[in-house]
Amino acid sequence: MNSSTQRLEHWEADAGDTGVAHLDIPPHAQRDRTFEVWADCAVRAVPGHDAPWHEMRLLLNGAQQWVRRVPTHPEGPDSLDYRVRCKVPLGEPLRITVTTEVHGARRLSLRVVADEE
């Protein structure tokens with residue numbers, strides 16, 4: 001199969017309103033791959049809580065790539081998202097873990113997607 005006919009991979013995990021999403025991509029035996037990884041977390045402030053915040057952390061193969069904590073807007077839903085490009089060598093897996101924390105807010109959704117480029 002040449003590069004013009006190979007099917008690009010798409011992986012996705014929807015964790016709903018839970019605090020952790022995992023995506024395990026198995027190794028490929030014939031080629032290196034590059035993925036664009038995207039994570040998104042949506043939250044809503046709980047009325048009456050002082051200084052609500054939400055945080056999202058992204059790990060690739062156990063190594064922290066990104067973390068951010070921001071104040072949660074008191075009106076309407078709020079979110080955090082992050083995109084990163086990740087090279088995966090031949091024969092190696094990719095384990096993506098996204099964790100969230102909230103204070104004075106509740107999670108609405110958490111999702112992670114990896115699309116091969």
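Each remark here, short or long, concerns the structure printed above.
In short, a report on the structure. On a predicted model such as this, the values are computed, not experimentally measured, just so you know.

Quick look at the pattern of salt bridges
Proximity of charged atoms lets side chains of opposite charge pair with each other. Taken as a whole and judged by the stated rule, the model has nine salt bridges. Where Arg111 meets Glu12, a salt bridge forms, and the shortest distance between an N and an O atom there is 3.0 Å. With Arg111 in strand β8 (residues 105–116) and Glu12 in strand β1 (residues 10–14), the pair connects residues that are 99 residues apart, well separated along the chain. Taking the relative accessible area as the measure of exposure, Glu12 reaches 41% and is therefore partly exposed. Taken together, the shared-partner salt bridges in this structure form one network comprising Glu9, Arg31, Arg33 and Glu116.

A word on the sheet that holds strand β7 (residues 94–103)
Here we have four strands laid out as an open sheet, ordered β2-β7-β4-β5, and antiparallel in their pairing. The sheet terminates laterally at β2 (20–25) and β5 (63–71), the two strands that pair on one side only. Strand-to-strand, the axes of this sheet are offset by a mean angle of 10°, without reference to chain direction. Summarising the sheet, strand β4 (residues 53–60) and β7 pair through eight bridges and their orientation is antiparallel. Of the residues in β7, the one forming a bridge with Leu59 is Thr97.

Points about the nonpolar core
One finds Val37, Met56, Leu58, Leu94, Ile96, Val98 and Val112 to be the most contacted residues of the largest nonpolar core, which totals 27 residues. Of all elements in the fold, only β2, β3 (33–45), β4, β5, β6 (77–88), β7 and β8 reach the threshold of two or more residues within this core. Among residues more than four places away in sequence, those in contact with Ile96 are Ala21, His22, Leu23, Ile25, Val37, Leu58, Leu59, Leu60, Val112 and Ala114.

Observations concerning the sheet that holds β8
Pairing within the open sheet is antiparallel, and its four strands lie in the order β1-β8-β3-β6. This sheet does not close on itself; its edge strands, each paired only once, are β1 and β6. With strand direction ignored, the average angle separating the axes of adjacent strands in the sheet is 10°. Note that β3 and β6 share 12 bridges and pair antiparallel. Within the sheet, the bridge partner assigned to Phe35 lies in β6 and is Cys86.

Here's the deal with unusual backbone geometry
The backbone phi angle of Ala51 is positive, close to 50°, even though this residue is not glycine. Examined against the element boundaries, Ala51 turns out to sit in the loop between β3 and β4. A relative accessible area of 60% means that Ala51 is categorised as exposed. A positive phi angle is found at Asn61, which is not glycine, with a value near 50°. By the secondary structure assignment, Asn61 is in the loop between β4 and β5. Relative accessible area serves as the criterion here: at 48%, Asn61 is assigned to the partly exposed category.

Side note on the packing of aromatic side chains
In the structure shown here, the tally under the stated rule is one aromatic pair. The cationic tip of Arg69 hangs over the ring face of Trp53; the distance from NZ or CZ to the ring centre is 3.5 Å.

Rules of the game
- Residues numbered from 1 in each chain as written.
- Predicted model: local features only at pLDDT ≥ 70, side-chain atom pairs only at ≥ 80, totals over all residues.
- Heavy atoms only, no water.
- Salt bridge = Lys/Arg side-chain N within 4 Å of Asp/Glu carboxyl O.
- Helix = DSSP H or I, 4+ residues; strand = E, 2+ residues; numbered from the N terminus.
- Buried < 20%, exposed > 50% of the residue type's maximum accessible area, 1.4 Å probe, protein only.
- Pairing = 2+ DSSP bridges.
- Axes fitted to C-alpha atoms, helices over the stretch in contact; angles between N-to-C directions.
- Core = buried A, V, L, I, M, F, W, Y, C linked by side-chain atoms within 4.5 Å.
- Contact = heavy atoms within 4.5 Å.
- Phe/Tyr/Trp six-rings, centres within 6.5 Å; stacked < 30°, edge-to-face > 60°.
- Lys NZ or Arg CZ within 6 Å of the ring centre and 35° of its normal.

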